[in-house]
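Survey of secondary and tertiary structure
If you want the building blocks of each chain, they are given just below.
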Amino acid sequence: MAANMYRVGDYVYFENSSSNPYLIRRIEELNKTANGNVEAKVVCLFRRRDISGNLNTLADSNARDFEEESKQPSMSEQHKHQLKHRELFLSRQFESLPATHIRGKCNVTLLNETDVLTGYMDREDCFFYSLVFDPVQKTLLADQGEIRVGSKYQAEIPDKLGEGESDNRVQEKLESKVWDPNSLLKDAQIDQFLVVARAVGTFARALDCSSSIRQPSLHMSAAAASRDITLFHAMDTLQKNGYDLAKAMSTLVPQGGPVLCRDEMEEWSASEAMLFEEALEKYGKDFNDIRQDFLPWKSLASVVQFYYMWKTTDRYIQQKRLKAAEADSKLKQVYIPTYTKPNPNQIMAPGNKPGMNGAAGFQKGLSCESCHTAQSPQWYAWGPANLQCRLCSSCWIYWKKYGGLKTPTQLEGATRTGTDAPPRTHLTRQEVQGMSPFTSAAGRAKLLAKNRQTFILQTTKLTRIARRVCQDILQPRRAARRPYASINANAVKAECMIRLPKAPKAPAKSRPIPRPSLANIVKELAVQAPLKLKAPRSAPTPINRNQGNQSRSASALLGKRPFDSQAVGAHPFSANGRPFPSGMRTTSQSVIKRQKVSQGDAPNPVVFVATKDTRALRKHLTQAEMRRAARKPHTPVRVKLPLPPRPLALPLPLPVPLLPSSTSEPIVLED
């Protein structure tokens with residue numbers, strides 16, 4: 001019963017995801033909503049996996065300094081790895097979470113020099129913090145509430161003087177005398193002088209214009225004159241005048257007028273007091289942050305002095321009563337029963353309903369990614385689904401509570417949700433292409449500056465067999481679309497060894513593919529010789545007279561340009577400019593002008609440079625044909641050149657030279 005009762009101030013685990021570790025929060029308030037549910041206003045604490053790599057480096061430096069100063073015992077690498085899971089970072093970020101998401105209690109303490117770090121690992125659900133994380137500014141700072149324990153914080157006490165030994169120190173430099181209790185004045189005389197000092201202070205406030213505005217009534221001026229600043233000034237005046245009442249009276253009222261003594265309560269305006277109350281509500285008694293964020297024009301001593309004077313006012317008493325009334329109306333504690341629902345990441349038996357995160361596809365023979373055990377009463381899917389990793393029950397509880405594995409692994413970084421950059425699985429195609437070094441000239445130059453030696457990745461026979469036997473686990477099409485995602489080769493290899501004896505021993509029948517002889521290929525290439533087109537001497541005259549005055553359209557802005565050909569005849573061409581015997585119908589749509597790639601910008605030494613004839617033939621292809629040819633480069637491309645426009649009237653038609661029927665040159669009309 002007591003374990004499931006949660007109160008204000010408790011550090012608890014919150015679960016926001018079935019696969020991610022628990023969130024560690026501190027309960028500040030328990031509020032009941034309109035629909036009857038209970039919400040908890042909590043303070044956020046962050047783990048190392050929640051901050052960036054630069055801040056982790058800063059935290060490592062702070063940890064090394066702490067170990068050197070406190071002289072911590074040496075630890076193994078595994079213990080250092082597990083100790084990072086116990087470190088938290090406090091913040092001032094608040095959030096509201098449903099109380100039903102609470103999964104248990106934990107203990108979080110402020111680290112000091114007297115603590116032994118290994119003691120935190122010996123206790124369950126025990127964490128520590130020493131730095132404060134700002135989620136907005138992305139900074140790590142030392143906690144202002146640090147307990148200063150140690151030799152460097154102690155006062156240096158001098159040795160005790162012996163009997164008859166004189167003190168040679170200069171007393172005036174060590175201290176100054178401000179009051180003599182053994183003076184000739186009696187207590188009644190001192191009290192009378194203090195009353196006179198208050199009366200002078202009230203009269204001085206009546207003469208001051210700014211004080212009259214702030215304290216318009218007489219009793220307010222008298223109350224301001226009765227504060228400690230006036231009494232301290234009166235007692236200092238007696239000390240300086242040798243406790244002579246006549247001289248002290250004349251000092252209180254000099255020739256220029258009565259002396260006016262103000263404290264911080266009178267110096268601060270009403271708007272500044274409101275800012276201070278707002279900052280106190282947000283930061284508490286952290287006067288450094290109050291001064292830095294709300295009152296930068298005030299000194300730290302002024303802020304501290306105003307706080308203790310503000311606590312003596314009616315405003316403080318009124319706010320204290322309001323907070324007490326609000327606290328009485330709010331919940332003090334809430335009972336949350338133990339969460340017993342099964343986790344979706346559980347790897348179910350074949351007869352049960354499969355879990356999430358690829359749990360249904362797990363195979364036998366896999367071990368725990370953390371402790372490498374092969375036996376566990378319950379297994380849980382962990383990490384990316386394509387890696388088919390799993391954890392045993394004890395390592396899964398450790399992962400949920402402490403946000404890491406017991407032993408450092410490379411796969412632990414794959415499940416970490418870093419704050420520096422979004423995961424690659426959520427990048428668009430343009431963002432992935434932008435990450436390539438070939439997108440910029442500088443990146444291509446760096447790659448070309450490296451050694452261009454050709455290398456070949458030759459796979460083993462077992463790897464090639466595993467690609468076919470374990471095709472359901474490997475998922476080659478999925479892996480080809482996501483080349484940046486790692487593949488669990490150990491799981492594929494283990495499953496391949498299990499399935500190999502079950503594979504049929506009879507070899508697969510291969511169908512022979514008939515191939516033409518070399519003589520036929522050479523003969524066909526000789527027939528399909530490249531065709532050379534004659535370029536026109538001048539630009540063709542547009543049929544429409546308004547064509548030359550048309551404004552630039554959207555297609556022109558996109559880099560498209562019209563193309564008019566004067567060639568006649570149907571000539572099929574392949575992708576590299578070679579003709580084919582038959583033609584097909586095409587359209588003369590314009591395409592985007594391609595930029596010529598220089599040899600220096602190529603990603604490898606092999607460069608394909610298009611000829612002038614090839615570029616001229618590309619202009620007769622539509623965009624759909626260009627895309628189809630790019631997707632299937634092995635398929636021949638057939639091009640049909642459009643007929644040129646007929647002239648309306650030619651006074652003297654030029655004779656057209658007749659070409660032999662065996663030639664494949666186009667017919668060109670010139671005027």
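Our subject is the structure that appears above.
Because the structure is a prediction, the values reported are computed rather than measured.

Counting its secondary structure elements, the protein contains 25 helices and 11 strands. For the protein, the residues scored as buried account for 30% of the 671 residues in total. Relative to all contacts within the protein whose residues are 6 or more apart in sequence, the contacts with residues 24 or more apart total 67%. Of the roughly 46,500 Å² of accessible surface on the protein, a fraction of 54% belongs to carbon and sulfur atoms.

General note: in soluble globular proteins, nonpolar side chains tend to be found buried as a group. Grouped together as the largest cluster of nonpolar side chains are 15 residues, with contacts concentrated most on I24, L88, C106, V108 and F127. If you list the elements that add at least two residues to this core, you get β2 (11-14), β4 (38-46), β5 (87-98), β6 (102-110), β7 (126-134) and α15 (393-402). Ranked by size, the runner-up nonpolar core spans 14 residues in total, among them F276, F306, Y307 and W310.

Below, the discussion takes up unusual backbone geometry. Despite not being glycine, D125 shows a phi value in the positive range, around 55 degrees. By the secondary structure assignment, D125 is in the loop between α3 (118-122) and β7. Note on D125: relative accessible area 17%, which makes it buried. The phi angle at K138 is positive, at roughly 60 degrees, despite the residue not being glycine. Within the secondary structure layout, K138 lies in the loop between β7 and β8 (139-142).

What follows deals with the packing of aromatic side chains. Two aromatic rings, taken as a pair, are described by how far apart their centres are and by the angle between their planes. Under the definition given, this model contains 19 aromatic pairs. A ring pair is formed by F127 and Y402, whose centres lie 5.6 Å apart and whose planes are at 45 degrees; its orientation type is tilted. With a gap of 275 residues between them, F127 in strand β7 and Y402 in helix α15 connect regions that are remote in the sequence. When sorted by exposure, F127 lands in the same class as Y402, which is buried. Aromatic pair F276 and Y307: ring centres 6.4 Å apart, planes at 55 degrees, arrangement tilted. Remark: Y307 occurs in helix α13 (residues 300-310) and F276 occurs in helix α11 (residues 270-283); sequence separation between them is 31 residues. The class for Y307 is buried, based on a relative accessible area of 6%. Counting every residue linked through ring pairs, the aromatic cluster contains W268, F276, F287, F306, Y307, Y308, W310 and Y316. Here the basic side chain of R103 rests over the ring of Y339, its NZ or CZ set 3.8 Å away from the ring centre.

All told, the structure shown has 4 cavities of 30 Å³ or more when counted by the stated rule. What the largest cavity holds in volume is close to 100 Å³. Every residue along the wall of the largest cavity is listed here: N386, I473, L474, Q475, R478, A479, R482, A485, S486 and I487. Breaking the lining of the largest cavity down by element, the ones donating at least two residues are α19 (471-474) and α20 (476-481). Residues of the lining of the largest cavity, tallied by class, amount to 5 nonpolar, 3 polar and 2 charged.

To continue, consider the environment of M249. Considering the arrangement of structural elements, one finds M249 in helix α9 (residues 245-252). Filtering out sequence-adjacent residues up to four positions away, M249 remains in contact with F193 and V196.

A few words now on the pattern of salt bridges. Under the definition given, this model contains 18 salt bridges. R92 is the salt-bridge partner of D286, the closest N and O atoms lying 2.6 Å from each other. In this pair, D286 is assigned in the loop between α11 and α12 (287-293) and R92 in strand β5, connecting sequence segments 194 residues apart. Judged by relative accessible area, which is 39%, R92 ranks as partly exposed. Among the ionic pairs, E277 bridges to R315, the shortest N-O distance being 3.0 Å. One end of the pair, E277, is in helix α11; the other, R315, is in helix α14 (residues 314-329), and 38 residues separate them in sequence. Judged by relative accessible area, R315 falls into the partly exposed class, the value being 35%. One connected set of salt bridges, linked through shared partners, spans R48, D60, K84 and E87.

Here N488 shows up in the loop between α20 and α21 (489-499). The contact partners of N488, leaving out residues within four places of it in the chain, are E369, L387, Q388 and C389.

What follows deals with the packing of helix α8 (residues 228-240) against α9. One can describe the packing of α8 onto α9 by two numbers: an axis separation of 9 Å at closest approach and a directional angle of 130 degrees. For the element pair α8 / α9, the angle class is oblique. The crossing of α8 and α9 is right-handed. Of the residues in α9, those in contact with H233, T237 and L238 of α8 are L245, A248, T251 and L252. Split by residue class, the contact of α8 with α9 holds 4 nonpolar, 3 polar and no charged.

Attention now moves to the packing of helix α5 (residues 187-207) against α8. Orientation of α5 relative to α8, taken along the N-to-C sense of each, is 125 degrees, at an axis distance of 9 Å. Judged by the inter-axis angle, α5 sits oblique to α8. In this structure, α5 crosses over α8, and the sense of that crossing is right-handed. Side by side, α5 and α8 meet where F193, L194, A197, R198 and R205 of the first sit next to T230, L231, A234, M235 and L238 of the second. Of the residues belonging to the contact of α5 with α8, the class tally is 7 nonpolar, 1 polar and 2 charged.

Scanning the model with the defined rule gives 0 disulfides in all. Of all cysteine sulfurs in the structure, the one in C392 sits closest to C371, which takes part in no disulfide; the separation is 3.5 Å. Judged by relative accessible area, C371 falls into the partly exposed class, the value being 36%. For the unlinked cysteine C496, the closest cysteine sulfur is that of C470, found at 4.7 Å.

All right, on to the side chain of N343 then. Here N343 shows up in the loop between β9 (333-335) and β10 (379-382). One polar contact links the side chain of N343 to the main-chain carbonyl oxygen of S18, over a distance of 3.3 Å. Apart from residues lying up to four places away in sequence, N343 is in contact with E15, S18, Y380 and W396.

Another point: helix α1 (residues 53-70). The end-to-end C-alpha distance of α1 is 26 Å, a good match for the 26 Å that 18 residues give at a rise of 1.5 Å each. Considered for burial, the residues of α1 that qualify are L55, N56, A59, F66 and S70. The arc enclosing the buried residues of α1, seen along the axis, measures out at 100 degrees, which places them on a common side. Residues of α1 that are exposed and angled more than 90 degrees away from the buried face: N54, T57 and E68. Where α1 is buried, its residues touch β5, β7 and β8. Note on α1: the residue one or two positions beyond its end, K71, has a positive phi of about 55 degrees.

Reading guide: rules and limits
Residues numbered from 1 in each chain as written. Predicted model: local features only at pLDDT ≥ 70, side-chain atom pairs only at ≥ 80, totals over all residues. Heavy atoms only, no water. Helix = DSSP H or I, 4+ residues; strand = E, 2+ residues; numbered from the N terminus. Buried < 20%, exposed > 50% of the residue type's maximum accessible area, 1.4 Å probe, protein only. Contact = heavy atoms within 4.5 Å. Areas by Shrake-Rupley, 256 points an atom, 1.4 Å probe, with all protein chains shown as cover. Core = buried A, V, L, I, M, F, W, Y, C linked by side-chain atoms within 4.5 Å. Phe/Tyr/Trp six-rings, centres within 6.5 Å; stacked < 30°, edge-to-face > 60°. Lys NZ or Arg CZ within 6 Å of the ring centre and 35° of its normal. 1 Å grid on protein atoms, 1.4 Å probe; cavity = no way out; pocket = protein on both sides within 12 Å on 5 of 7 lines; lining within 4 Å. Points joined across faces, edges and corners; volume = space filled by probe spheres on them. Nonpolar A, V, L, I, M, F, W, Y, C, P; charged D, E, K, R; others polar. Salt bridge = Lys/Arg side-chain N within 4 Å of Asp/Glu carboxyl O. Axes fitted to C-alpha atoms, helices over the stretch in contact; angles between N-to-C directions. Parallel < 35°, antiparallel > 145°, perpendicular 65-115°, else oblique. Left-handed = near helix turned anticlockwise from the far one by under 90°. Disulfide = S-S within 2.5 Å. Polar contact = N/O pair within 3.5 Å; in protein donor to acceptor, adjacent residues only side chain to side chain. Expected span 1.5 Å × (residues − 1). Arc of directions from axis to C-beta.

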